[in-house]
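# Structural overview
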Amino acid sequence: MKAIGVLVSGRGSNLQALIEEARAGRLGGEVGVVVSNVEGAPALDKARAAGVPAVVRDHRGKTREEHDRAVLHVLQDHGAQLVCLAGYMRLLSPAFLGALPHRVVNIHPSLLPAFPGLEAQRQAWEYGVKVAGATVHLVEEALDAGPIVMQEAVSVRPDDTADSLAARILEAEHRLYPRAVRLLLGGRWHLEGRRFIADQEPA
């Protein structure tokens, strides 16, 4: 069974979606370890409740490279073949990404390349777009800029607030992330330049 490592900093709702799909046998692998840079992050409790090893590696007092090496050692010790960012609020160093080429993936609450960075849902709502959504992408050094694996559109309703739009985008994330992880673990994909090509879409 292929092992997934999940990096978290907060509540862990996307982590929970991955755990539930793995438990149902629909992920193509299992969540092997969860690592957080924040002691007391609610995501750690979700991992422990599911029987998944939960590890804290505090970034304070360390350089980005030192912290990333510590996290990488945990992932390697647990045999992680794919690393999923789920609300992980840190940029990864070139050394970390170089150790896991095309094996680090993130989910972002917008249709990239629109609205990268923080509070993407609010950015989209304030801009007045008619369609928002979620994107799963491979992670590169630049923020929210890696090849796009999958996207799901979410229509913006006339009566939406930034919060109600964010809630519906989060529901889309929970559907989208497990599908993308299943595709990545299956290995039936390739890159053409920065274009991600699925040789076979997951069911």
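Thresholds applied
Residues numbered from 1 in each chain as written. Predicted model: local features only at pLDDT ≥ 70, side-chain atom pairs only at ≥ 80, totals over all residues. Heavy atoms only, no water. Helix = DSSP H or I, 4+ residues; strand = E, 2+ residues; numbered from the N terminus. Buried < 20%, exposed > 50% of the residue type's maximum accessible area, 1.4 Å probe, protein only. Contact = heavy atoms within 4.5 Å. Areas by Shrake-Rupley, 256 points an atom, 1.4 Å probe, with all protein chains shown as cover. Lys, Arg positive; Asp, Glu negative; His and termini not counted. Charge placed at Lys NZ, Arg CZ, Asp CG, Glu CD. Pairing = 2+ DSSP bridges. Axes fitted to C-alpha atoms, helices over the stretch in contact; angles between N-to-C directions. Arc of directions from axis to C-beta. Parallel < 35°, antiparallel > 145°, perpendicular 65-115°, else oblique. Left-handed = near helix turned anticlockwise from the far one by under 90°. Nonpolar A, V, L, I, M, F, W, Y, C, P; charged D, E, K, R; others polar.

What follows is about the overall build of the protein chain. On a plain count of helices and strands, the protein chain comes out with six helices and nine strands. Taken along the three principal axes of its C-alpha coordinates, the protein chain extends 50 × 40 × 35 Å. Looking at the protein chain as a whole, 48% of its 203 residues are labelled buried. In the protein chain, the share of contacts with a sequence separation of at least 24, taken over all contacts with a separation of at least 6, comes to 61%. Of the accessible surface of the protein chain, which amounts to about 9900 Å², a share of 51% is contributed by carbon and sulfur atoms. Charge separation in the protein chain, taken as the distance between the mean sites of 23 positive and 24 negative side-chain charges, equals 3 Å.

The next point concerns the sheet that holds strand β3 (residues 54–56). The mixed open sheet is built from seven strands, whose spatial order is β3-β2-β1-β4-β5-β6-β7. Strands with a single pairing partner mark the edges of an open sheet, and in this sheet they are β3 and β7 (148–155). The mean inter-strand angle of the sheet, taken between neighbouring strand axes irrespective of direction, is 20°. The sheet contact formed by strand β2 (residues 30–36) and β3 spans three bridges and is parallel. The partner of V34 across the bridge, within β3, is A54. Its contacts with the sheet put helix α1 (residues 13–23) on β1 (3–8), β2, β4 (80–86) and β5 (104–108), and the angle it makes with β2 is roughly 160°.

With that out of the way, let us pick up helix α5 (residues 120–127). Within α5, burial applies to A120, Q121 and A124. Looking down the long axis of α5, one finds its buried residues gathered within 105° of arc, a one-sided arrangement. Among the structural elements, β5, β6 (131–138) and α6 (162–186) are those in contact with the buried residues of α5. Directly after α5, the chain includes G128, whose backbone phi takes a positive value near 90°.

Bringing the side chain of S93 into the picture now. Secondary-structure assignment places S93 in the loop between β4 and α4 (94–99). Classification of S93 by relative accessible area gives buried; the value is 0%. Ignoring anything within four residues of it in the chain, the contact list for S93 reads R64, E65 and D68.

Here the focus is the packing of α1 against α6. Relative orientation of the contacting elements α1 and α6 amounts to 50°, with a least axis distance of 9 Å. In terms of orientation, α1 lies oblique with respect to α6. At the point where α1 passes α6, the crossing takes the right-handed sense. For the pair α1 and α6, contact is made by S13, N14, A17, L18 and E21 and by L170, E173, H174, Y177, P178 and V181, respectively. For the contact of α1 with α6, the residue count by class is six nonpolar, three polar and two charged.

Counting buried residues in β6 gives seven out of eight residues, a clear majority hidden from the surface. The pairing of β6 with β7 spans seven bridges and is classified as antiparallel. Paired with H137 across the two strands is I148, which belongs to β7.

In this section: the packing of α5 against α6. Across the interface, α5 lies against α6 with an axial gap of 9 Å and an inter-helix angle of 125°. Accordingly, the angle class assigned to the pair α5 and α6 is oblique. Seen along the crossing, α5 lies across α6 with a hand that is right-handed. Side by side, α5 and α6 meet where Q121, R122 and W125 of the first sit next to A162, D163, L165, A166 and I169 of the second. Along the lines of polarity and charge, the residues of the contact of α5 with α6 split into five nonpolar, one polar and two charged.

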